[in-house]
Amino acid sequence: MEPTDERTEPEPTFAGETVLVTGAARGIGRACAVRFAERGATVVGGDRLDQSETAATCAGLPGAFESVTADVTDPAAVEALVERAADTGRVDTVVNVAGIVAREPLATHDGEPWERSVAVNLTAPFRIAREAAPHLRTTGGAVVNVSSIYGQIGAAERAGYVSTKAGVEGLTRALAAELGEDGVRANAVAPGFIETPMTEPYAEDDAARERFRERAALKRLGDPEEVASVVSFLASDDASFVTGETVLVDGGRATVE
Ligand SMILES: NC(=O)c1ccc[n+]([C@@H]2O[C@H](COP(=O)([O-])OP(=O)(O)OC[C@H]3O[C@@H](n4cnc5c(N)ncnc54)[C@H](O)[C@@H]3O)[C@@H](O)[C@H]2O)c1
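Think of each chain on its own: its residues are numbered from 1, step by step along the sequence as written. Per-residue local features are limited, in this predicted model, to residues with pLDDT of at least 70; the limit for side-chain atom pairs, both in listing and counting, is 80 or more; totals at the level of whole chains, interfaces and linings are taken over all residues. Side-chain descriptors were evaluated using all non-hydrogen atoms of the structure, hydrogens and water having been removed beforehand.

Asks: Break down the site of the ligand for me, citing the residues and quoting the values.
Replies: Taken together, 31 residues form the shell around the ligand, and within it Arg26, Asp47, Tyr161, Ile194 and Thr196 come nearest. Pairs of N or O atoms are called polar contacts if they sit within 3.5 Å, as long as, within protein, a hydrogen donor faces a hydrogen acceptor (for residues adjacent in sequence, only side-chain-to-side-chain pairs). Arg26 places a side-chain nitrogen or oxygen 2.7 Å from an oxygen atom of the ligand. With respect to the ligand, the backbone of Gly192 contributes an N or O atom lying 3.2 Å from an oxygen atom. Throughout, the Shrake-Rupley method with a 1.4 Å probe supplies accessible areas, and for residues the shown protein chains are the sole cover considered. Its free accessible area being 830 Å², the ligand has 97% of it covered by the protein chains. To be near a molecule or strand, a residue needs just one of its heavy atoms within 4 Å of it.

Okay, here's the thing in structure tokens:
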């Protein structure tokens, strides 16, 4: 056959599948929810914020979006969220996106910044994966956790964030080891600077934005959709032999000088 520039491979489809996405109200979580709905999945979004914008964006797409108001640090809410996903008849993929970042010097980095980071960024993905595991074992499904470049490199005044993001990468490997024999894969993505409501305060002036751009090999900031692309790849059969892995989505920020 003659080589062709045209894309001949179909894009991964999630038609008939159920995908649970936390943090789906905005930013990276919303982009993930929309991506899976574009590709046919029923997406169950869990967030403590209103998710109506995500629902509106998903309306008319091949898949569907169901909104569940949930604080992922509340074990009862996590149980209800997973149950709601399972009520669709199956759970194929869990995407743990909900996260917080707190910037605070060590001296005052206790209580709220530390405890809350552990609860949202590490304990919640653990609990959600644990609750969803029986369903994922049935479907041979996948977990995708959202870490950060700060899971791999240090940053001043962000002890809680750096520690919990490194922790969620460890959790990803633990899940891969324990669930692998049932065909369940667990992977993580580690984004660099992505333009979302979370990063607005860090890029409020042009000089700061320029500094962040300059640090990445690609000399630009990332879009939530560029993270969603890697998340959906890791959830798809295209990644059928990939597990326990963390994929940087950072424009070369962490690995290129
Ligand atoms: N934006 C970036 O540059 C960047 C870089 C690396 C990693 N990340 C990670 O990506 C994920 C998403 O980040 P984002 O930039 O889209 O942030 P965001 O703040 O725009 O969105 C985070 C979402 O998580 C939800 N959330 C937070 N705590 C919650 C809780 N207790 N219960 C339920 N929902 C909760 C929020 O309501 C929000 O909708 C986070 O885990 C973050 O650490 C982001």
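Asks: Before we move on, could you go through the pairing of strand E2 (residues 42-47) and cite the residues and values that matter?
Replies: A large share of E2 lies buried, amounting to five of its six residues. We call two strands paired when DSSP finds no fewer than two bridges between them. Strands are runs of DSSP state E lasting at least two residues, helices are runs of H or I lasting at least four, and both sets are numbered from the N terminus onward. Both strand E1 (residues 18-22) and E2 contribute to a ladder of five bridges, which runs parallel. By the bridge assignment, Leu20 is partnered in E2 with Val44. When the strands point away from the viewer, a crossover counts as right-handed if the route from the first strand across the helix to the second turns clockwise. Once the chain exits E1 it traverses helix H1 (residues 27-38) before rejoining the sheet at E2, and the crossover so formed is right-handed. Strand direction decides the pairing type here: E2 and strand E3 (residues 64-69), joined by six bridges, are parallel. In the strand pairing of E3, Val43 is matched with Phe65. The handedness of the E2 to E3 crossover, carried by helix H2 (residues 52-58), is right-handed. With a 1.4 Å probe rolled over the protein chains alone, any residue whose accessible area is under 20% of its type maximum counts as buried; one over 50% counts as exposed, and the rest are partly exposed.

Asks: Requested: an account of the side chain of Ser232, with residues and values cited.
Replies: Examined against the element boundaries, Ser232 turns out to sit in helix H7 (residues 224-235). Excluding anything up to four places from it in sequence, Ser232 contacts Phe14, Arg35, Phe36 and Arg39. In this analysis, two residues are considered to be in contact whenever any of their non-hydrogen atoms come within 4.5 Å of each other.

Asks: Pulling in residues and values, what's your account of unusual backbone geometry?
Replies: Of note, Glu157 is a non-glycine position whose phi angle comes to about 65°, a positive value. Within the secondary structure, Glu157 is located in the loop between strand E5 (142-146) and helix H5 (159-179). Of note, the phi angle at Lys219 is positive, near 55°, even though the residue is not glycine. Exposure remark for Lys219: the relative accessible area of 42% places this residue in the partly exposed category.

Asks: Describe in detail the pattern of salt bridges, supporting the description with residues and values.
Replies: Salt-bridge detection follows one rule: a side-chain nitrogen of Lys or Arg within 4 Å of a carboxyl oxygen of Asp or Glu. For the structure on display, the rule yields eleven salt bridges. Here Arg35 ties to Glu38 by a salt bridge, and the two come within 3.6 Å at their closest N and O atoms. Pair noted here: Arg35 and Glu38 are both in helix H1, with a separation of three residues, about one helical turn. On the accessibility criterion, Glu38 (39% relative accessible area) is partly exposed.

Asks: If you had to explain the side chain of Asp250 to someone new, which residues and values would you point to?
Replies: Topologically, Asp250 is positioned in the segment after strand E7 (246-249). For the buried Asp250, which has no salt bridge, the nearest side chain bearing the opposite charge is Arg253, at an N-O separation of 6.6 Å. Looking at Asp250, its side chain comes within polar contact range of the main-chain nitrogen of Ala254, at 2.7 Å. Residues within four places of Asp250 in sequence aside, it is in contact with Ile149, Ala190, Pro191, Gly192, Ala216 and Thr255. Positive charges come from Lys and Arg, negative ones from Asp and Glu, while His and the chain ends are left out of the count.

Asks: Outline the UniProt feature "domain: Ketoreductase" (unreviewed entry) in the chain, listing residues and values.
Replies: Residues annotated by UniProt as "domain: Ketoreductase" (unreviewed entry) correspond here to residues 17-192. In residues 17-192, helix accounts for 46% and strand for 19%; the two terminal C-alpha atoms are 29 Å from one another. UniProt positions are given in the numbering used here, feature names are shortened, and annotations may be inferred rather than shown by experiment.

Asks: Tell me about the packing of aromatic side chains, and name the residues and values.
Replies: For any two aromatic rings, the description comes down to two numbers: the centre-to-centre distance and the angle of the planes. Any two rings among Phe, Tyr and Trp, with Trp reduced to its six-membered ring, count as a pair given centres within 6.5 Å; such a pair is stacked if its planes are under 30 degrees apart, edge-to-face if over 60, and tilted if neither. In this structure the tally under the stated criterion is three aromatic pairs. Seen in terms of ring centroids, Phe14 and Phe36 are 4.8 Å apart; in terms of plane orientation they differ by 70°. Their pairing is edge-to-face. Here Phe14 is found in the segment before E1, whereas its partner Phe36 is found in helix H1, with 22 residues between them in sequence. Phe14 sits in the buried class, given a relative accessible area of 1%. Plain terms: the ring middles of Tyr150 and Tyr161 are 6.4 Å apart, the flat faces sit at 65° to each other, and that makes the pair edge-to-face. Highlighted residues: Tyr150 in the loop between E5 and H5 and Tyr161 in helix H5, separated in sequence by eleven residues. For Tyr161, a relative accessible area of 9% puts it in the buried group.

Asks: How would you sum up the environment of Arg173? Please name residues and give values.
Replies: Among the secondary structure elements, Arg173 is positioned in helix H5. Here the alpha-carbon distance between Arg173 and Gly244, two residues 71 residues apart in the chain, equals 4.4 Å.

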